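Take a look at the letters that make up each chain.
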Amino acid sequence: MIDTRILEITAELVNAKNIVIVPHKGPDGDAIGSSLGLFHFLRDKGHNVQVIAPNDYPHFLKWLPGNEEVMIYETETEKADELISNAEIIFTLDFNHLSRCGDMQNAVSSSKAVFVMIDHHQEPSDYADYTYSDSEMSSTCEMVYKFICKLRAGNKISPEIATCLYTGIMTDTGSFRFSSTSSDTHRTVADLIDKGAKNSEIHNNIFDTNSENKLQLLGTALQNLKVNHEIRTAYISLSQAELNKHNFKKGDTEGFVNYGLSLEGIIFAVIFIEKENEDMVKISFRSKGDFDVNKFAREHFNGGGHINAAGGRSDVSLNDTIVKFNRILPEYKEQLTR
Ligand code: 5GP
Ligand code: MN
C-alpha cells in the first residue's frame, strides 16, 4: 500500500467513532497480539474500539494487556452482531479471506463499515477498502508497528502496545528463528523493548507456563512421530482419545509440529489432530527452504497460509487422512530432495 492511501485512512479515522477489530478464527499470538496492540493505540486516540474474536484462544495468551476487553463472537453473538453493524471501520487482522473469520463471516461481510486489512499472508482477497498486505513481513504485529509509524505516531506506542506487538512477532517467528525474521524485525523488537515491552517476562509468560497434561501430551505426540528420511518428511498424529487422556485444552498442541522440523535433514513436518466434535482432522504444515506448504495445503487439504507455515483440514477419518497424505507425498519427492 502506498503512503497517500495511508493518509486517506487518517482522514477516515478522524471521523470514525466506532471501530471493530477482528482477528482470524482460532486466533494465535500474532492475531491476538496485533488486535490488542491496535486496540490500545486506537482507544488511546479516543475511539470506541471493540476486539471481537470469532472463537476462544489459548490460556497462554490471556495475560496480554487488554485481554479482558476481547469479546468472543461464539459466546456473545447478539451483542457482537450489533457492534459489527454499528461499526464505521472494521480492521481485519492476520488473515486474507473473510472465510477465515468462521461464523462471523456473514455479520462482517454484510456490515457497511470501511474495511482495512492488515495481513502478511499470500494472495489476499479484495474485500477491503484499504489493503495493507505484505507477505515478506514476519507477522501482522510487525505490520501494525509499521502502520502506527507510518501514521507518524511511533511516539504514541505505550508499554501495553509494545507488549502486545512484541508477543505476536515473537510467536510468529518462532522466537526470531524462522526465515521470515529480518534485520528490520530485530530493529522493530528493539524499539518495542525501548518502549516498554519486557522481553524476558513475555517469553516466560508464553513458553514457561505449561501444564503437566500438556507436556505429557507432547510425550505422546513424540512417541507417534513417523520419519521418512528418504523424502525428508516427518509427521505426528494425535487421536481424540489421546487428547482426552491428557485433558486437552485449547493451545496445548501449539508448536508440536515444529519438533518434526528439528530433526536433522527434515524439511517438511506435519501434524494431524483429530477433532471429533468438529468432525474433521486439523492439519498443520511446516517447511524449511522453498518447499511451499501454502500450495500443498491449498491443493490437497482445503487450507493455506505461508510458504513455510500453513494449515488445513480433512473431512475423512484420522487414519484415512494419513493414508491420503502418504499417497500424495511421492509426487513431491523431487521437490523435497533436490
Ligand atoms: P497453524 O498450522 O498454526 O494453524 O497455521 C499456520 C499458518 O497457516 C497461520 O498463518 C494460519 O493463519 C494459516 N492457516 C491455518 N489454517 C488455515 C486455513 O485453513 N486456511 C488458510 N488460508 N490459512 C490457514
Ligand atoms: Mn500471523
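One can find the structure itself at the top, above this paragraph.
(A) Inspection of the nonpolar core at higher detail. With 52 residues, the main nonpolar core has I21, L38, L42, F91, I118, F147 and L192 as its most contacted residues. At seven residues, the largest contribution of residues to this core is made by helix 6 (residues 159–172). Leaving out residues up to four positions away in the same chain, I21 has contacts with S35, L38, F39, L42, V49, Q50, V51, I52, F91 and L93. Counting 22 residues, the second-largest nonpolar core is a separate cluster that includes F268, F285, F296 and L329.

(B) Inspection of the sheet that holds strand 7 (residues 226–228) at higher detail. Taken together, the six strands give an open sheet; going across it, the order is 7-8-9-10-12-11, and neighbouring strands pair in mixed fashion. Only two strands of the sheet have a single neighbouring strand rather than two, namely strand 7 and strand 11 (304–305). Of the pairings in the sheet, the one linking strand 11 to strand 12 (residues 309–314) comprises two bridges and is antiparallel in character. Paired with G305 across the two strands is A310, which belongs to strand 12.

(C) Geometry of the site of ligand 1. Residues in contact with ligand 1, as listed here, are R100, H121, K282, S284, R286, G303, G304, G305, H306, A309, A310 and G311. Contact between ligand 1 and R100: an oxygen atom at 2.8 Å from a side-chain N or O atom of the residue. G304 has a polar backbone atom sitting 3.0 Å from a nitrogen atom of ligand 1. Protein coverage of the free-state accessible area of ligand 1, which is 500 Å², stands at 79%. Residue assignment for the shell around ligand 1 shows that the elements contributing at least two residues are strand 10 (280–287), strand 11 and strand 12. Partitioning the shell around ligand 1 into residue classes produces two nonpolar, seven polar and three charged.

(D) Region of interest: the sheet that holds strand 2 (residues 48–53). The strand order across the open sheet built from six strands is 3-2-1-4-5-6, with neighbouring strands paired in parallel fashion. Each edge of the open sheet is held by one strand with a lone partner, namely strand 3 (71–72) and strand 6 (130–133). Pairing of strand 1 (residues 18–23) with strand 2 involves four bridges; the strand directions are parallel. Residue I21 lies in a different strand from strand 2, and its bridge partner there is V51. The strands touched by helix 3 (residues 77–86) within the sheet are strand 1, strand 2, strand 3 and strand 4 (89–93), with strand 2 carrying the most contacts at an inclination of about 130 degrees. Lying on the sheet, helix 5 (residues 140–150) is in contact with strand 4, strand 5 (114–119) and strand 6; it crosses strand 5 at an angle near 120 degrees.

Conventions and cut-offs
- Residues numbered from 1 in each chain as written.
- Chains lettered and ligands numbered in written order.
- Predicted model: local features only at pLDDT ≥ 70, side-chain atom pairs only at ≥ 80, totals over all residues.
- Heavy atoms only, no water.
- Core = buried A, V, L, I, M, F, W, Y, C linked by side-chain atoms within 4.5 Å.
- Buried < 20%, exposed > 50% of the residue type's maximum accessible area, 1.4 Å probe, protein only.
- Helix = DSSP H or I, 4+ residues; strand = E, 2+ residues; numbered from the N terminus.
- Contact = heavy atoms within 4.5 Å.
- Pairing = 2+ DSSP bridges.
- Near = heavy atom within 4 Å.
- Polar contact = N/O pair within 3.5 Å; in protein donor to acceptor, adjacent residues only side chain to side chain.
- Areas by Shrake-Rupley, 256 points an atom, 1.4 Å probe, with all protein chains shown as cover.
- Nonpolar A, V, L, I, M, F, W, Y, C, P; charged D, E, K, R; others polar.
- Axes fitted to C-alpha atoms, helices over the stretch in contact; angles between N-to-C directions.

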